[in-house]
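# Secondary and tertiary structure notes
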Amino acid sequence: MGQLYLREDLTFEAAKMTVSEGKDGKNLYMEGICIQGDVKNANERVYPVSQIAEAVNSLNEQIKDCSVLGEVDHPDDLKINLDRVCHMIESMWMDGPNGYGKLKILPTPMGELVKTMLQSGVRLGVSSRGSGNVDPHNGHVSDFEIVTVDV
């Protein structure tokens, strides 16, 4: 069985999301949980903490080499659509069983849409997007790779 397209949606509250301006006052950031470990999510999947930690480390290696972009909304594949990009992932890290991330909102058309909504008080959630294998008996995910986190 090949790897599956996987996504996990978290509301603003579940992600413990915060929105802040950069020190220069020009940039806007979202920061919070991007993927939860060792809990059954809304998709009936369980991401073991070890799988999330490996995926977070791998994504951080990508961030060193190139920009990791995310989209507004969620496409049904793993391709990043540049016309939908709204942010870049600045960093990800583990805190307990969860993978956290810091997202910098970009001045793209979709980024401006997200920025306007956030500044108006709209509480936007996030969703991890990646691939992996799912055990059909218990929903445990293996060989997990994060491609991006979307808003």
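Our structure's up above, just so we're on the same page.
Not measured: the values here are computed from a predicted model.

## A few points about the sheet that holds strand β5 (residues 85-95)
Either a parallel or an antiparallel arrangement is found when strands of a sheet pair, and the pairing is made through backbone hydrogen bonds. Ordered by their spatial adjacency, five strands build an open sheet running β2-β3-β6-β5-β4, and the pairing between neighbours is antiparallel. The two strands at the open ends of the sheet, each matched to only one other strand, are β2 (18-21) and β4 (69-71). Mean inter-strand twist for the sheet, computed between neighbouring axes without regard to direction, equals 35°. Relative to β5, β4 runs antiparallel, the two being bridged by three bridges. Within the sheet, the bridge partner assigned to Glu71 lies in β5 and is Val85. Contacts between helix α1 (residues 49-65) and the sheet are confined to β3 (28-35), β5 and β6 (98-105), with β5 contributing the most and set at about 130° to the helix.

## Description of the nonpolar core
If you look at the biggest cluster of nonpolar residues, it comprises 34 residues, and the most contacted ones within it are Met30, Met92, Val114, Val126, Phe144 and Ile146. When contributions to this core are tallied by element, the ones reaching two or more residues are β1 (4-10), β3, α1, β5, β6, α2 (109-119), β7 (126-134) and β8 (141-150). At five residues, the largest contribution of residues to this core is made by β3. Once residues within four sequence positions are removed from consideration, Phe144 is found in contact with Leu6, Ile35, Tyr47, Gln51, Ala55, Gly130, Ser131 and Gly132.

Conventions used here
Within every chain, residues take consecutive numbers counted from 1 along the sequence as written. Thresholds applied to this predicted model are a pLDDT of at least 70 for local features of residues and 80 or more for the giving and counting of side-chain atom pairs; totals over whole chains, interfaces and linings are not thresholded and use all residues. Calculated side-chain values reflect all of the structure's heavy atoms, with hydrogen atoms and water omitted. One requirement defines pairing of two strands: DSSP has to find at least two bridges between them. Secondary structure elements follow DSSP: runs of H or I no shorter than four residues count as helices, runs of E no shorter than two count as strands, and numbering proceeds from the N terminus. Note on method: axes are straight lines fitted to C-alpha atoms, helices fitted across the in-contact stretch only, with angles between N-to-C directions ranging 0 to 180 degrees. Any pair of residues with heavy atoms lying within 4.5 Å of one another is described as a contacting pair. Definition of nonpolar core: a set of buried residues of the types Ala, Val, Leu, Ile, Met, Phe, Trp, Tyr and Cys, connected through side-chain atoms within 4.5 Å. Whether a residue is buried, partly exposed or exposed follows from its accessible area with a 1.4 Å probe, protein chains only, as a fraction of its type maximum: under 20%, in between, or over 50%, in that order.

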